[in-house]
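Per-entry structural report
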Amino acid sequence: MNIYLLDDIKKLQLHLTYQYQLHQIVKNNQGQSHWQQISTDQFPTLLHEKAQTSIKDFFFAQQENILVFNGEYFQETLPSPNPFVLFGVQSCDLVAVNYQDKFFKNDPYYQARRKHCLLVGLDCISPCEHGFCPTVNAGPGVRSHTADLILHPLVNQPLEKPQWLLIEGSEKGAMAIKHMTIKGQPLETAHWHYLTQRDLTLKACKQKFSDDSHINIAIEKINNNNVSAVFWQKVAIQCIGCSGCTSLCPTCSCYGTRSIKLPNDNISQERFWDSCLYEGFQKEASFHNPTAEAGKRVERFWRHKFSDGIATEFDRYGCVGCGRCEQTCPGVIGVHSIMKRIANDA
Amino acid sequence: MVDDLISTICPYCGVGCGINLKVNELGQLKSVEPQSNHPISQGKLCDKGWSTAYAVTNKNRLTQPLKRIKNEFFPISWDEALSTIAVELNQILDDSGPKSIGIISSARATNEDNYAAQKFTRTVLKSNNIDHCARICHSPTVAGLKQSLGSGAMTNSASEIFDTDLIMVFGADPTENHSILGGHIMQAHLKGCELVVVDPRKTRLAKLANIHLQLNLGSNIALVNAMLHVIIKEKWYDENFINERCNGFKYLAQHVAQLTPVSVEAITGLKAVDIYQAAKHYSQAKRAMIFYGMGITQYMSGTNNVISLANLALICGHIGKNGTGVNPLRGQNNVQGACDMGCLPNVYPGYQSVIDTNIQTKFSNAWQCDLDPLEGLTSMGMTKAALAGDLHALILFGEDPVVTDPDQNHVKASLKKLDLFVVAELSMTETAKLADIILPAASFAEKDGTFTNCERRVQLVNQALEPLGVAMGDWQWLQALAKKMGSDQLNWKTSEDVFNEMTSLNPSYEAMTYQKLAKNHGLQWPCNNENPTGTRLLHANTFPIGKARLISVNHTDIDEPTDDEYPLSLTTNRLHFHYGCGSMTRNSPLLERETPPGILFINPENANTLNIAHLDAIGVKSRRGYIETRAIITGDVPIGLVSMPYHFKEAPSNQLTNTAQDPVTKMPELKACAVSVIPLPKGVEPKSIQQLLEGD
Amino acid sequence: MMLNHIPDSIEIIDYKDDGKDTRHYRFRLLSKTHHSHWHETQAGQFFMLNVPEVGEAPFTFTEPPNEQNEFSALIRKMASVTSALFDLSKGQIVGARGPFGQGWPHTILKDEYILIVAGGCGLAPLVHLINTLIATTENKKIVLIYGARDEQSQMLIAQQKRWLKTITIYHTLDQVSEDSNFNDGFNLLKGTPLDVLPQALSSFNSLPSKVLLCGPEVMMNSIAQTSIGRGIPETSIYLSLERRMHCAVGLCGHCYLGDQYVCKQGPTFSWQQLQSFRSTA
Ligand code: SF4
Ligand code: FES
């Protein structure tokens, strides 16, 4: 795979818009970072800040109709989006998409969207709030198998003359920039020593993350079954079942379904994001509920993020260290809070 | 159009969390997310907030005006709807006078809508017959705190939860009803703040608390008086504060002199040492905050309950400082605003009395018309007047009294007697079904305006979507209706115009503008020339009445004790995943799944005696009514007490609850009555109240 | 890519009542567009019934699809999907997806001594298996314990009477009324299946080589534990679990059990498997 040097990122953005609809992280007027479609050629600057909502809903929609029934037959309704590029995705979110790609391997709706997407990753060169990607092997540098193209901001560049490394991550990424020229010239190939420089920068970034030994200690306790049911029941008192963690978690994928009537009187089956922390999640028609106890639900959620069983199946833990749940949990049992408690009191 | 992320305020409870609406390129609401930099919610939402999209885009939304002919509704145009209403209203005004029409506005609507509603009532209909739902939630707060402190709102701010050493939660279940605030309390507690919970039920917070006083239903005053006794006897009170800032200490001390903890053991069901400990911890804490809810207000003694909490805070000097105060947790997102806007029969905007002639002059000059010098009817007064044939027309918006009102059957009968009943709503509610004309209301996502949260923070609501169908915001159709009636009293172009007119008349909102609200994530009133950036904390130097009043109050027994026929006490509660009458939250398939429609919490021991298994169908009977529902067996309610959420139209708790009232505010005693519970035969489904009443 | 989410159309061709609120339904597949394994259905596998405008729910086959594309299921009226189905008449079209999940172990055909314990509706997932066992083998000893709350909630009585010729059946009822029929060929007892377990076990010459369980989880747990106590190996005990299901293909998450999904790795499990999942639950 090739690496290039890039002075002007706008050129890359522009080039990609010839083939793809461009989406990028921007801030709204209240200062909130979110993914937005960019439809002008006034390209916003790249934000080194993850969006509060991950990119999973580009592929696994929050609500979608999956079929139509006309009174006689059931037919699938697959989405067919235009090709789009997610430009400047942080490593944690890319690793999560990679995880979801495996999970949804046979899901036609997910794959119908996924195959139209080009992922342009962006290396993080300083830690974000609550993030701990290095501890769960998900960042801060973009893993090459998770992105089609990777951008790395070169440090030690004068402010007015920023420079980027552009690294090909996949065949698809290579194709996307194959014909890109700048002022009539092909892209400038970068010497391999830039990759060494990238490694150094990323290593330095890793050093800057605050101590999160509690995560590793807790992972071990969880997998050695050293966390008692009583402990889970106790912390679960704090779970108000808001669904915030599961909505923001980039690897959560539970959904519910319901049958609905379409405006043209056809019937559809809708699927929508669900949360395993709702009391009713496993409740059966008979009212029997295997996870009626909040402790069981909270335990299940965290096992799903940190159990070795999952790690064997997906080659990694379910958690990618983005820290979103820590911020959004009203009950103070987001990832750092709970893992600290497991490490200290369980 | 591209997709966009619009920042606005959650439409559910009084916490007022910041919520962002994600709108796609087709202008449809795709999803919601929390505002990460919001001063209160800080990137969090509760389950109601997270499911807002289901409430806004649900298929049951009304999209055009409807007119009832016999028992069916037919779509009509706005023009026809408003003309019909205008003609009838004018007719009624001519025939029976202004007193024969009433308006009930909504604690869910914006300040602008509420301001318009009261102005419409006062200047177009020319009466003070305007009210909203606060009566069944927090009227004792307004009455009680007004007497003790001179102002009936939360004295402190949500953020001070993190600045205090002890939090005492009295008859409130914040993690369920004000979840994000409840979460703050849990967070503060985990960081070391002491937590004392006073509640007959083992609430979530009670399970985490340092001290849980699981008192008998309706014994709040007895408990507080005994705490006062201990604090005074042990000299744990704040002498300086009492001398400088309070009146009535001597009488209060005399009043509680004999009320030892031991003397109230029987009434409260608490051990004297526990009362003593709670008194000690509260009074000795450097800073201590009281939060209370409907477990205080929804009693016959509601107003006195509130007064007694004020006494407690006052003698310990736990008020007027950072991290202290007496803080009511109010239910609906804009119940504070609806009161502030003067949607009350006795006050203009800003709690300015309608019978004060100076104030009358001020408003009649501003509005350039004569005003009714007498107080109007409360919502309950309107119900009575309608039954008596004195009220002929009622316009009601955003409320579902047929489900939520304490006296359902009464309300229904009275609404049926009206000549004209107009309802503006999002979707077809039980109340709307009785209307002559239904107007399709715009949802919070479809309008600009402001909400005032429980900590007096006025926050901007920003339009994210086009109104569904021809739905309209309330002030807009009120304005159109006024025009049809021949009045141009309501004359605004934008919500901001309405707001600006209001601030010019409401001293506590005086210095607010939309720009300033946008810049500061909202501002807390009073916000005037002295406090241009608002006020976090009330009563820092003085009370609106000068010195606060320590008022001696007595315990009163609950009106309806248990007996052989009705051996269980019934209280009401709320579930965190539902809101009010459920007309919004129950559209979410996720929230609706959480429980069967209608449940009763019962202690395992009582269930056992009655031979009731978990989720069995049961009948519940009181002197006033009978409903069927399902049993949830849980140790969270003590033996002898059963509890029922009021969100379900199928099994409304208010068929059962007592109508005995607080003498001051007419607040009914919703929190305590006597019932009997019987298991239904196996395999029988509980019948909904509709089926029961129709004898189906 | 497999479109496992999309039902094939089926027609309701017949139904008849079986006890209170329970019916035998007979369906015919009208299309086999989205699912190609209908005719490979194993005993114990399930399908998702789709009642348009209402929703989906899992049911086991009491008889798998035959050459005429007809199959049967025993359905008890429980909540919205089943209530809606009960309101439909013959000839109406609904949907079905399947077959899904793992059925009862194949090796069972080789077993000589089989104990089956079912509670309430839990007999339905066993009907196809029992029929197969009876049809394919002689020289087997099969004992069935069937527990129900009361007489009204017993199901498949006619079916069971036919089985009586070949297998021993014990009935238990939580509540026995005055006029309960003790002489219908069944051994009737007031109590729960656990109460007759010793008796049933001792009716075998040696221990049963398979124990199959289906019913409320408490019942299955207690029977399994007692059986293990009597020396039956954990690998010989099988049970079928009930879970709320939406997708039936291991995606929606609703049927989880530890790290496993009941719709994929189940609904039948050996007791041993189940213990290893539960420790990760
Ligand atoms: S706590 Fe209240 S304001 Fe906040 S999200 Fe929940 S309902 Fe909305
Ligand atoms: S039913 Fe969806 S994962 Fe099993």
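Model, not experiment: these values are computed from the prediction.

Thresholds, definitions, all that
Residues numbered from 1 in each chain as written. Chains lettered and ligands numbered in written order. Predicted model: local features only at pLDDT ≥ 70, side-chain atom pairs only at ≥ 80, totals over all residues. Heavy atoms only, no water. Domains from an automatic or database assignment. Contact = heavy atoms within 4.5 Å. Buried area = accessible area lost by both parts, 1.4 Å probe. Salt bridge = Lys/Arg side-chain N within 4 Å of Asp/Glu carboxyl O. Near = heavy atom within 4 Å. Helix = DSSP H or I, 4+ residues; strand = E, 2+ residues; numbered from the N terminus. Nonpolar A, V, L, I, M, F, W, Y, C, P; charged D, E, K, R; others polar. Disulfide = S-S within 2.5 Å. Pairing = 2+ DSSP bridges. Axes fitted to C-alpha atoms, helices over the stretch in contact; angles between N-to-C directions. Buried < 20%, exposed > 50% of the residue type's maximum accessible area, 1.4 Å probe, protein only. Polar contact = N/O pair within 3.5 Å; in protein donor to acceptor, adjacent residues only side chain to side chain. Core = buried A, V, L, I, M, F, W, Y, C linked by side-chain atoms within 4.5 Å. Expected span 1.5 Å × (residues − 1). pLDDT = per-residue confidence, 0-100. Phe/Tyr/Trp six-rings, centres within 6.5 Å; stacked < 30°, edge-to-face > 60°. Lys NZ or Arg CZ within 6 Å of the ring centre and 35° of its normal.

What about the domain arrangement of chain C?
How big an interface is tends to be stated in terms of accessible area lost as the parts join. Residue and element names in this part refer to chain C. Split into domains, chain C comes out as domain 1 (8-100) and domain 2 (106-279). Its C-alpha centre places domain 1 at a distance of 22 Å from the equivalent point of domain 2. Facing 21 residues of domain 1, the contacting portion of domain 2 comprises 21 residues. With both sides pooled, the region where domain 1 packs onto domain 2 buries about 1,700 Å², and carbon together with sulfur makes up 64% of that total. Linking domain 1 to domain 2 there are zero salt bridges.

Quick word on the site of ligand 1
Residues and elements named next belong to chain B. By nearness alone, every residue bordering ligand 1 is listed as Cys10, Tyr12, Cys13, Gly16, Cys17, Leu45, Cys46, Lys48, Gly49, Ser179 and Ile180. Every element with two or more residues in the shell around ligand 1 is listed here: α1 (47-50) and α7 (179-190). Class assignment for the residues of the shell around ligand 1 results in seven nonpolar, three polar and one charged.

A look at the state of the cysteines
Applying the stated rule across the entire model yields zero disulfides over all chains. Cys13(B) provides the cysteine sulfur closest to Cys454(B), a residue in no disulfide bond, and the two sulfurs are 7.2 Å apart.

Brief notes about the sheet that holds strand β19 (residues 449-452) of chain B
Residue and element names in this part refer to chain B. Pairing within the open sheet is antiparallel, and its three strands lie in the order β19-β20-β21. The open sheet terminates on both sides in strands that have one partner only, identified here as β19 and β21 (523-524). Across four bridges, β19 lies against strand β20 (residues 457-461) in antiparallel orientation. Within the sheet, the bridge partner assigned to Thr452 lies in β20 and is Val458. Set on the sheet, helix α4 (residues 111-125) makes contact with β19 and β20; between it and β19 the angle comes to about 90 degrees.

A short note on the pairing of strand β9 (residues 194-198) of chain B
Residue and element names in this part refer to chain B. Of all the five residues making up β9, four are buried; the element is thus mostly covered by neighbouring parts of the structure. Note that β9 and strand β10 (residues 211-213) share three bridges and pair parallel. The partner of Val198 across the bridge, within β10, is Leu213.

Section: the interface of chain A and chain C
Each partner contributes residues to the interface: chain A has 48 residues there, and chain C has 41 residues. Across the chain A/chain C interface, buried area totals approximately 3,500 Å², and carbon plus sulfur atoms make up 56% of it. On the chain A side of the contact with chain C, Phe74(A), Tyr255(A) and Arg300(A) bury the most area, a combined 19% of that side's loss. At the boundary of chain A and chain C, one finds one salt bridge. Between Lys261(A) and Glu53(C) there is a salt bridge whose closest N-O contact spans 3.7 Å. The interface formed by chain A and chain C includes 13 residue pairs in polar contact (both at pLDDT 80 or more).

Some remarks on the nonpolar core
Counting residues in each nonpolar core, the largest one holds 111 residues, and the members touching the most others are Leu86(A), Phe306(A), Met339(A) and Leu115(C). Among the elements that make up this core, the one with the highest residue count is helix α2 (residues 91-103) of chain A (seven residues). Once you skip the residues sitting within four places of it in the chain, Leu115(C) turns out to touch Val143(C), Ile145(C), Leu197(C), Ala200(C), Leu201(C), Phe204(C), Pro208(C), Lys210(C), Val211(C) and Leu212(C). In terms of nonpolar packing, the next biggest core, distinct from the first, is built from 59 residues, Ala86(B), Met341(B), Phe397(B) and Phe499(B) among them.

Some words on α2(A)
All names here are of chain A. The end-to-end C-alpha separation of α2 is 18 Å, in line with the 18 Å expected for 13 residues at 1.5 Å each. With twelve of 13 residues buried, α2 lies mostly within the body of the structure. Of all the positions in α2, only Ser91, Cys92, Asp93, Leu94, Val95, Ala96, Val97, Asn98, Tyr99, Gln100, Asp101 and Phe103 are classed as buried.

Concerning the interface of chain B and chain A
Residue-level contacts link 47 residues of chain B with 47 residues of chain A. Both sides of the chain B and chain A interface together cover about 3,800 Å² of buried area, and 50% of this is carbon and sulfur. For chain B, the biggest contributors to the area lost against chain A are Trp50(B), Arg593(B) and Glu594(B); these three give 15% of the whole. The interface formed by chain B and chain A holds two salt bridges in total. Arg593(B) serves as the salt-bridge partner of Asp274(A), at 2.7 Å between the closest nitrogen and oxygen.

As for the side chain of Ser653(B)
Among the structural elements, Ser653(B) can be located in the loop between β27 (641-645) and β28 (673-679). Residue contacts for Ser653(B): discarding those within four places in its chain leaves Thr572(B), Met644(B), Pro645(B) and Tyr646(B).

So, the pairing of strand β17 (residues 420-425) of chain B
Residues and elements named next belong to chain B. Counting buried residues in β17 gives six out of six residues, a clear majority hidden from the surface. Residues of β17 alternate between two faces, with Leu420, Val422 and Ala424 on one and Phe421, Val423 and Glu425 on the opposite face, all of them buried. As paired elements, strand β16 (residues 393-397) and β17 share five bridges and run parallel to each other. For Phe397, the partnering residue across the bridge sits in β17 and is Ala424. When β17 meets strand β18 (residues 437-440), the two strands line up parallel, connected through four bridges. Paired with Val423 across the two strands is Ile438, which belongs to β18.

What about the environment of Arg244(C)?
Among the secondary structure elements, Arg244(C) is positioned in the loop between β12 (237-240) and β13 (256-257). Sequence-distant contacts of Arg244(C), defined by excluding residues within four places in its chain, comprise Gly280(A), Phe281(A), Gln282(A), Lys283(A), Glu284(A), Arg593(B), His254(C) and Cys255(C). At a separation of 2.7 Å, a polar atom in the side chain of Arg244(C) contacts the main-chain carbonyl oxygen of Lys283(A). Separated by 3.2 Å, the side chains of Arg244(C) and His246(C) make a polar contact.

A few points about the confidence of the model for chain C
Close reading of the predicted structure is inappropriate where its pLDDT is low. Residue and element names in this part refer to chain C. Residues at a pLDDT of 70 or more form 95% of chain C, whose mean pLDDT is 89. Helix α7 (residues 271-279) is the least confidently modelled element of chain C, averaging 82 in pLDDT, while strand β3 (residues 46-51) averages 96, the highest of any element. Confidence estimates for the predicted assembly give a pTM of 0.91 and an ipTM of 0.92.

What to know about the environment of Thr312(A)
Residues and elements named next belong to chain A. Among the secondary structure elements, Thr312 is positioned in helix α10 (residues 308-314). A sequence separation of 109 residues divides Thr312 from Lys203, and the C-alpha atoms of the two residues are 27 Å apart. Here Asp308 takes part through its backbone oxygen, which lies 2.6 Å from a polar atom of the side chain of Thr312.

Looking at the packing of aromatic side chains
The geometry of an aromatic ring pair is captured by the separation of the ring centres together with the interplanar angle, meaning the angle of the planes. All chains considered together, the criterion is met by 41 aromatic pairs over all chains. Their ring planes at 40 degrees and their centres at 5.0 Å tell us that Phe60(A) and Phe104(A) sit as a pair that is tilted. Linking Phe60(A) in the loop between β3 (33-38) and β4 (63-69) with Phe104(A) in the loop between α2 and α3 (108-114), this pair joins segments that are 44 residues apart in sequence. Each of the two residues, Phe60(A) as well as Phe104(A), counts as buried. Counting every residue linked through ring pairs, the aromatic cluster contains Trp35(A), Phe58(A), Phe59(A), Phe60(A), Phe84(A), Tyr99(A), Phe103(A), Phe104(A), Tyr110(A), Tyr255(A), Trp273(A) and Phe314(A). Over the ring of Tyr255(A) we find Arg271(A); its NZ or CZ atom is 4.6 Å from the centre of that ring. Against the face of Tyr15(C) rests Lys90(C), its NZ or CZ located 5.9 Å from the ring centre.

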